[in-house]
Amino acid sequence: MPPTVDIRRADDRGVSTTDWLQSRHSFSFGDYYDPANTHHGLLLVNNDDVVAPAAGFDTHPHRDMEIVTWVLQGELAHADSMGNSGVIYPGLAQRMSAGTGVQHSERNASTQNPVHFVQMWVIPDRTGLTPGYEQREVALTSSLTAIASGSGDAAVTLHNRNATLHGARLRPGDAVELPEARYVHLFVARGRVTLEGSGALGEGDAARITGSAGQRVAADQAADPAADQAAEDAEILVWEMHASLAGD
């Protein structure tokens, strides 16, 4: 069967707004709940957050979840009940395994500039794991690079053998092939791309693909190649998943 592609536009996401936070939710989260929009494959949360200077999420609990944080701009200060603390910045992959229970805080490390990051949650293969934390630098290129995975080499390890998060930074005209997998989630973190067979995707747009056949994703060229202003580089986050929450 040909793959099915469900395009979700940035402006259609759920939104949570406070005086210090603008959070856009690709799936049901917090006060935003849509029973028809709870996950894709194994991916439960894909939050696109901007936090104001010197503000953030105070200490709060998590349990039985693999949480991956990817900073796009600025610096995010992390501290947790396992004794880990530090600052996450662009190019530093972070994974926190909540396991039997962990408390952590996430705050903007800057008093002057906002921090923009994407946080993604998948379930672990089994519940009751010992909580854990891992971070490692990773340089995105014009090829898909494994940021987090439970089934192969990646910057950080996931406790789910059926899930891998890839990233790529595409200059205008660069293209990559998506993984062939039962479920793929393509999120455009910045810039504009064209997804083979589905057309243009802008910043914040996503494609939920079932039965991925390795479609090409290309960063848009400048509207006028002779102009001084080139098209913006694109950054994509791609989840490759070989199972779903339904167990198929």
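Rules used throughout
- Residues numbered from 1 in each chain as written.
- Predicted model: local features only at pLDDT ≥ 70, side-chain atom pairs only at ≥ 80, totals over all residues.
- Heavy atoms only, no water.
- UniProt positions renumbered as here; feature names shortened; annotations may be inferred.
- Helix = DSSP H or I, 4+ residues; strand = E, 2+ residues; numbered from the N terminus.
- Core = buried A, V, L, I, M, F, W, Y, C linked by side-chain atoms within 4.5 Å.
- Buried < 20%, exposed > 50% of the residue type's maximum accessible area, 1.4 Å probe, protein only.
- Contact = heavy atoms within 4.5 Å.
- Pairing = 2+ DSSP bridges.
- Axes fitted to C-alpha atoms, helices over the stretch in contact; angles between N-to-C directions.

## Let's talk about the UniProt feature "domain: Pirin N-terminal" (unreviewed entry) in the chain
Here comes step 1: Sequence positions flagged by UniProt for "domain: Pirin N-terminal" (unreviewed entry) are, in local numbering, residues 14-122.
Here comes step 2: With 0% helix and 58% strand, the stretch residues 14-122 has end C-alpha atoms that lie 19 Å from each other.

## Points about the nonpolar core
Here comes step 1: Counting residues in each nonpolar core, the largest one holds 27 residues, and the members touching the most others are Trp70, Met120, Leu165, Leu237 and Trp239.
Here comes step 2: At the level of secondary structure, the elements contributing two or more residues to this core comprise strand E6 (66-73), strand E11 (115-122), strand E13 (145-149), strand E15 (163-170), strand E17 (183-190) and strand E22 (234-241).
Here comes step 3: Every residue in contact with Met120, bar those within four places of it in the chain, is listed here: Leu43, Val45, Asn46, Glu66, Ile67, Val68, Trp70, Leu165, Leu237 and Trp239.
Here comes step 4: Counting residues in each nonpolar core, the second largest holds 18 residues, with Leu178, Ala181, Val188 and Leu201 among its members.

## What about the UniProt feature "binding site: Fe cation" (unreviewed entry) in the chain?
Here comes step 1: If you check UniProt for "binding site: Fe cation" (unreviewed entry), the listed places come out as His60, His62, His104 and Glu106 in our numbering. The greatest C-alpha distance among the annotated residues, which extend across 47 residues, is 12.8 Å, indicating that they converge on a single site.
Here comes step 2: With respect to the helices, strands and loops of the structure, His60 is situated in strand E5 (residues 56-62).
Here comes step 3: With sequence-adjacent residues up to four places away left out, His60 is seen in contact with Val102, Gln103, His104 and Glu106.
Here comes step 4: Here His62 is to be found in strand E5.
Here comes step 5: With residues up to four places along the chain from it excluded, the contact list for His62 reads Ile67, Met96, Ala98, Gly101, Val102, His104 and Trp121.

## Comments concerning the sheet that holds strand E3 (residues 21-25)
Here comes step 1: Pairing is antiparallel in the open sheet, where seven strands are placed in the order E2-E3-E4-E11-E6-E9-E12. The sheet is open, and its two borders are formed by strand E2 (14-17) and strand E12 (132-137), each paired with just one other strand. Strand-to-strand twist of the sheet, defined as the mean angle between neighbouring strand axes without regard to direction, takes the value 20°.
Here comes step 2: Note that E2 and E3 share four bridges and pair antiparallel. Among the inter-strand pairings, Gly14 is bridged to a residue of E3, identified as His25.

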